[in-house]
Amino acid sequence: PLVNLRTVLDHAAANSYGVAAFNVNNMEQIQAIMEAANETESPVIVQASRGARSYSQDNYLRHLMLAAVELYPHIPVVMHQDHGNSPKTCISAMDNGFTSVMMDGSLLEDAKTPADYDYNVKVTKEVVALAHAKGVSVEGEIGTLGSLEHKEPSAAPKAAEPHDADLEQEPEPEGAMSHLTDPEEAERFVADTKVDALAVAIGTSHGAYKFTRKPDGDILAMNVIEEIHRRLPNTHLVMHGSSSVPQELQDEIRKYGGKMNQTWGVPVEEIQRGIKHGVRKINVDTDNRMAMTGAIRKVFSLTPEKFDPRDYLKPAREAMKKVCIDRMVAFGQAGHA
Ligand code: G3H
Ligand code: 13P
Ligand code: NA
Ligand code: ZN
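These notes cover the structure that comes with them. Nothing here was measured: the structure is a model prediction, and the numbers come from that model.

The next subject is the side chain of Ser 100. Within the secondary structure layout, Ser 100 lies in strand 4 (residues 100-103). Taking the relative accessible area as the measure of exposure, Ser 100 reaches 0% and is therefore buried. Engagement of the side chain of Ser 100 in a polar contact is seen with the side chain of His 80, the distance being 2.8 Å. If near-sequence neighbours (up to four positions away) are discounted, Ser 100 is found in contact with Leu 5, Val 78, Met 79, His 80, Gln 81, Val 136 and Ser 137.

In the neighbourhood of ligand 2, 15 residues make up the surrounding shell, with Asp 82, Lys 210, Ser 243, Asp 285 and Thr 286 lying closest. Between ligand 2 and the protein, one listed contact pairs an oxygen atom with a side-chain N or O atom of Lys 210 at 2.5 Å. Note that an oxygen atom of ligand 2 is positioned 2.6 Å from one of the backbone N or O atoms of Asp 285. Contact with the protein chains covers 96% of the free accessible surface of ligand 2, which is 310 Å². Among the secondary structure elements, those contributing two or more residues to the shell around ligand 2 are strand 3 (77-84) and strand 8 (279-284). A breakdown of the residues in the shell around ligand 2 according to their chemical character gives one nonpolar, 11 polar and three charged.

The next subject is the sheet that holds strand 3. In a beta sheet, neighbouring strands pair by backbone hydrogen bonds and run either parallel or antiparallel. Around the barrel, eight strands lie side by side as 1-2-3-4-5-6-7-8; this closed barrel has parallel pairing. Along the sheet, successive strands turn relative to each other by an average axial angle of 25°, direction set aside. For strand 2 (residues 44-48) and strand 3, the ladder comprises five bridges, and the chain directions are parallel. Its bridge partner lying in strand 3, Val 46 is registered against Met 79. Taken strand by strand, helix 6 (residues 117-133) contacts strand 4 and strand 5 (137-142), and its axis lies near 170° from that of strand 5. Packed onto the sheet, helix 8 (residues 222-231) meets strand 6 (197-200), strand 7 (236-239) and strand 8 and runs at close to 165° relative to strand 7.

This brings us to the pairing of strand 1 (residues 19-23). Within strand 1, five of the five residues are buried, which leaves it mostly tucked inside the rest of the structure. What you see with strand 1 is no split at all: Val 19, Ala 21 and Asn 23 on one side and Ala 20 and Phe 22 on the other are buried throughout. Both strand 1 and strand 8 contribute to a ladder of four bridges, which runs parallel. By the bridge assignment, Ala 21 is partnered in strand 8 with Asn 283. Sheet topology note: the strand 1/strand 2 ladder contains three bridges and is parallel. Each bridged residue has a counterpart across the sheet, and for Ala 21 the counterpart in strand 2 is Ile 45. For the segment spanning strand 1, helix 2 (residues 27-40) and strand 2, crossover handedness is right-handed.

Right, let's get into the packing of helix 10 (residues 268-275) against helix 12 (residues 309-331). Close contact between helix 10 and helix 12 brings their axes to 10 Å; oriented N to C, the two are set at 40°. The angle between helix 10 and helix 12 falls in the class oblique. Our pair here, helix 10 against helix 12, has a crossing hand that is right-handed. Contact residues: helix 10 offers Val 268, Ile 271, Gln 272 and Ile 275, while helix 12 offers Arg 327, Ala 330 and Phe 331.

About the criteria used
Residues numbered from 1 in each chain as written. Chains lettered and ligands numbered in written order. Predicted model: local features only at pLDDT ≥ 70, side-chain atom pairs only at ≥ 80, totals over all residues. Heavy atoms only, no water. Helix = DSSP H or I, 4+ residues; strand = E, 2+ residues; numbered from the N terminus. Buried < 20%, exposed > 50% of the residue type's maximum accessible area, 1.4 Å probe, protein only. Polar contact = N/O pair within 3.5 Å; in protein donor to acceptor, adjacent residues only side chain to side chain. Contact = heavy atoms within 4.5 Å. Near = heavy atom within 4 Å. Areas by Shrake-Rupley, 256 points an atom, 1.4 Å probe, with all protein chains shown as cover. Nonpolar A, V, L, I, M, F, W, Y, C, P; charged D, E, K, R; others polar. Pairing = 2+ DSSP bridges. Axes fitted to C-alpha atoms, helices over the stretch in contact; angles between N-to-C directions. Right-handed = clockwise from strand over helix to strand, strands pointing away. Parallel < 35°, antiparallel > 145°, perpendicular 65-115°, else oblique. Left-handed = near helix turned anticlockwise from the far one by under 90°.

Dropping the structure here:
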């Protein structure tokens, strides 16, 4: 059935596991997640960004999610708004069947400019009041996501440039200045807003280019999670930007003609450490995007005569399903549906 985030994360906390939250834009991605969940008996969090909602349209998305719960009635499924930028966005998500919303008040409505504490509390409280009246859960965020390796915001990479130095890292997109979560502020924020789950900033960023080396404590601040969990032992913590960007997925994309500079993501063992310290929701999008793209490139490259979309969408769906199964097992949600 469709359930809210609180229901799934309370069970995860009671049983000391984490739950992957996978982003979706289309039918094949929803199918990949549901097939993975069915095989591993996992509870599911499906999330859609604002961009995903506008790409897929709310009506299609709502009915695809209803199809998913109809096909797998025994699996608890959360339908979550990822990075809601305003109460208005969260309200329209609730009107369209979402059972959970993220009010990301760490940034202003433009989703770029860092917001101050009072603004964050004001918009988050407003959404909590509306959502809780309907049984919908709310995720808030305190601190600003972004890599600790890139202190200065810089221009996005120029697409036209040739792919020369394999070891060179793409610069971060503008606005990606990080501001680690202050544990004391996190404690205050949860008391002030009553959010069901709290996203924290620990040096991760969205996308493939998170780190220029395998991260250690200097650039991935897992110790901050431990401190927040000490202060807020009953709050469900959320890790964003938590794709692992596996080497084999990078290699596959490159092997079949894709341009991708060497990069590092968040190692699964670091996430497992987080799960020991209150992390219950782990956001993963990039790994699935890479898996699908590698699979599609392979078909195009090895069998350029094919033009039936099923010939490449089926392998893409299979590749995403494999990533989902890997994460569901690694995070411990397998067997808990
Ligand atoms: O928040 C980032 C997720 O990966 C969604 O990305 O806004 O391009 O749909 P998107
Ligand atoms: P990744 O880009 O690391 O997959 O992060 C996704 C995310 O945090 C969505 O909110
Ligand atoms: Na989210
Ligand atoms: Zn995110």
